[in-house]
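# Examination of the molecular architecture
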Amino acid sequence: MKNMNPIPEILGETTDVESWLIRAGLRFSDLGNDAASIAIRKQWREYQAAVQRCCATLHQPPSRVQLCGNYANLRIPSVACRVVPNP
């Protein structure tokens, strides 16, 4: 039976912001200047720093490493913090 999940299995890390955002079903054009978008951009910077440290330590490209432990939560953009305005 075919896998019906539209988001492919996450293997390795990325240095491409669009690929990273796709993991949460987002596009760069979805981001604005709201608090949630600012938090996602901050998470991207933290993610990239963690990936660079991991790659340097293991002497591997991003596609061959996978963050785990305390850094695993950075792998997929956090959209849980989206603020819905009160009507």
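Quick caveat: nothing in here was measured; it's all calculated off a predicted structure.

Turning our eyes to something else, we now look at the side chain of Q43. With respect to the helices and strands, Q43 occurs in helix α2 (residues 35–58). Judged by relative accessible area, Q43 falls into the buried class, the value being 8%. Within the local environment of Q43, its side chain forms a polar contact with the backbone oxygen of L74, the two atoms lying 3.5 Å apart. Those residues within four positions of Q43 in sequence are excluded, and the remaining contacts are W20, N73, L74, I76, P77 and S78.

With that settled, the discussion passes to the nonpolar core. If you look at the biggest cluster of nonpolar residues, it comprises 14 residues, and the most contacted ones within it are W20, L21, I40, Y47, V51 and L67. Where this core is concerned, the elements lending two or more residues are α1 (17–22) and α2. The greatest single-element share of this core, amounting to seven residues, is contributed by α2.

Attention shifts here to the packing of aromatic side chains. Overall, the coordinates contain three aromatic pairs when judged by the stated rule. Between the aromatic rings of W20 and W44, the centroid separation amounts to 5.2 Å while the plane-to-plane angle is 55°, which identifies the pairing as tilted. Of this pair, W20 sits in helix α1 while W44 sits in helix α2, and the two are 24 residues apart along the sequence. You'll find W20 and W44 in the same group, each marked buried. Aromatic rings pair up to connect W20, W44 and Y47 into one cluster.

Cut-offs used in this document
- Residue numbering note: each chain is counted from 1, following its sequence as written.
- The model is predicted, so local features are restricted to residues of pLDDT at least 70 and side-chain atom pairs to those at 80 or more, both for listing and for counting; the totals for chains, interfaces and linings are taken over all residues.
- Side-chain numbers here rest on the full set of heavy atoms in the structure, without hydrogens or water.
- Secondary structure is summarised from DSSP: a helix means a run of H or I of at least four residues, a strand means a run of E of at least two, and numbering begins at the N terminus for each.
- Only protein chains enter the area calculation, which uses a 1.4 Å probe; residues under 20% of their type maximum are buried, those over 50% are exposed, and those in between are partly exposed.
- Here a polar contact is taken to be a pair of N or O atoms separated by no more than 3.5 Å, where protein atoms must pair a possible hydrogen donor with a possible acceptor and residues adjacent in sequence count only if both atoms sit in side chains.
- What makes two residues a contact is simply this: any of their non-hydrogen atoms within 4.5 Å.
- Side-chain atoms within 4.5 Å are what join buried Ala, Val, Leu, Ile, Met, Phe, Trp, Tyr and Cys residues into a set we call a nonpolar core.
- By convention, a stacked pair of Phe, Tyr or Trp rings (six-membered ring in the case of Trp) has centres within 6.5 Å and planes under 30 degrees apart, an edge-to-face pair has planes over 60 apart, and any other such pair is tilted.

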